[in-house]
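Inside the fold
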Amino acid sequence: MSIKLKNKIENKQAHIAVIGLGYVGLPLALAFAEKGFNVLGIDTDAHRIERIKGLKSYITDVPSALIARVIGKKLFNASTDFNLLSKIDVVIICVPTPLKRKYTPDISYIVSAVRSVTKHLHKDMLVVLESTTYPGTTQELIKPELEKSGLKAGKDFYVAFSPERIDPGNKHFDVTEIPKVVGGLTKVCTQLSGLLYSQIIKKVHQVSSCESAEMTKLLENSFRIVNIGWINEIAQMCHALNIDVWEVIDAAKTKPFGFMPFYPGLGVGGHCIPEDPLYLYWKAKHYDFSCKFIKLAADTNHNMPAYAVTRMKEMLGKSFKNARVLVLGVTYKKDVKDLRKSPSIRLVELLRKETRVDYYDPLIPYLKLDGLDLKAIDLTPAKLKGYNVVVVAVDHSSVDYNFIYKHARLIFDTRNVYKDKTDKKVVKL
């Protein structure tokens, strides 16, 4: 082990760079800065850097005051200049990992970041990847790329994978309170990365390899996509059988063991759950293994907005074609200002093809995305009465649902906000 790097980490003398200042990278960079480390944030998005230098946050979970505090203490700096990596001891990569097509990973952001690191790689540097990816990425792609510098991984420098576990909007678990999993190319790589994260995180769990750490993240998200897909299928089944799925879930969760409640809805959104499990699906195909559960769950969740449209057609009959529909909530998650992969957006797109649709979301005053150019309506009694059906797509806390219930003609509740309403005015998913 590099005693020099170990001592630097323990004494908070290690200079840390976080590449990618999104919803994962920015909170992580600030957490290290808060603990006294000198941190450099790097992002190719110049607008983000301008916001940071202006002491303004663009991440819901990051208060602007925190940015101002660590910059004021000269513990955090942000830049688009990768040349600054030459003076860095630890590099943490937190770049996006989208899909090229429905089932094909796009790791170009990782490759680009790693190539930038390679140009400035030096002895005793630790490189950690946090971006979610398929098992084998660190060993098969990052290690060879970094070794193009002429240095040897595990000997001259150190490499590890540590999956991000950020949950946007979660007020109970920030980045420092979520246990961290780390797995390195070698035992020493694992130990150094474990030591690094233990400076800001209470519990660090070390695994035997990068592949195990990579697989851990995919297991976590695949567990969720499969169970959400399953409960969405159960919701459709219960409707066909004329059974209240919400009542069934409430009854099942009284069992103190062997059951974990998941809830139906319009599908899954954000970056992680809709896409990460498909990295595993893609990788497994290279070993002639078919992840049937992942594909089935992904398809089931993807089709939930279309199922919702079908249910509205049942509710309105022939009048659907000339109906006016109001969608409540367009973000992918309750109380989180984030539109990534939002199933509510897909619902709006599908409805626009067949009828008239408006939306209301207290977090999104206007919607200009993927061909949509809409402005949120003002919620008034007269406006609400003008819609044939109001769809509760996202259950934001700040919405007055009693007001909506009082003035709406018909409500399609996909989030069970009207749990105690039993009249025909409310139709549940």
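Below: a short report on this structure.

Thoughts on helix α2 (residues 25–34)
With respect to burial, α2 is a largely interior element, 9 of its 10 residues being buried. Along α2, the positions that sit buried rather than exposed are G25, L26, P27, L28, A29, L30, A31, F32 and A33.

Details of the packing of helix α8 (residues 210–240) against helix α11 (residues 292–302)
Here α8 crosses α11 at 55 degrees, and the two axes come no closer than 8 Å. It follows that α8 is oblique to α11 by the angle criterion. The hand of the α8/α11 crossing is left-handed. Taking contact as the criterion, the partners of S222, I225, V226, I228, G229, N232, E233 and Q236 in α8 are, on α11, F293, I294, A297, A298, T300 and N301.

Description of the side chain of E145
Inspection of the secondary structure assignment puts E145 in helix α6 (residues 137–146). By relative accessible area, which is 14% here, E145 ends up buried. There is a polar contact of 3.2 Å between the side chain of E145 and the side chain of K148. Other than its neighbours up to four places away in sequence, E145 contacts V114, R115 and T118.

Notes on the layout of surface pockets
Taken as a whole, the second largest pocket spans an internal volume of roughly 1,200 Å³. Residue lining of the second largest pocket: 45 residues in total, with D167, R224, I228, I273 and K333 positioned closest to the centre. Element by element, the count of residues in the lining of the second largest pocket is highest for α8, at 7 residues. Among the residues making up the lining of the second largest pocket, the classes are represented as 21 nonpolar, 12 polar and 12 charged.

What counts and how
Residues numbered from 1 in each chain as written. Predicted model: local features only at pLDDT ≥ 70, side-chain atom pairs only at ≥ 80, totals over all residues. Heavy atoms only, no water. Buried < 20%, exposed > 50% of the residue type's maximum accessible area, 1.4 Å probe, protein only. Helix = DSSP H or I, 4+ residues; strand = E, 2+ residues; numbered from the N terminus. Axes fitted to C-alpha atoms, helices over the stretch in contact; angles between N-to-C directions. Parallel < 35°, antiparallel > 145°, perpendicular 65-115°, else oblique. Left-handed = near helix turned anticlockwise from the far one by under 90°. Contact = heavy atoms within 4.5 Å. Polar contact = N/O pair within 3.5 Å; in protein donor to acceptor, adjacent residues only side chain to side chain. 1 Å grid on protein atoms, 1.4 Å probe; cavity = no way out; pocket = protein on both sides within 12 Å on 5 of 7 lines; lining within 4 Å. Points joined across faces, edges and corners; volume = space filled by probe spheres on them. Nonpolar A, V, L, I, M, F, W, Y, C, P; charged D, E, K, R; others polar.

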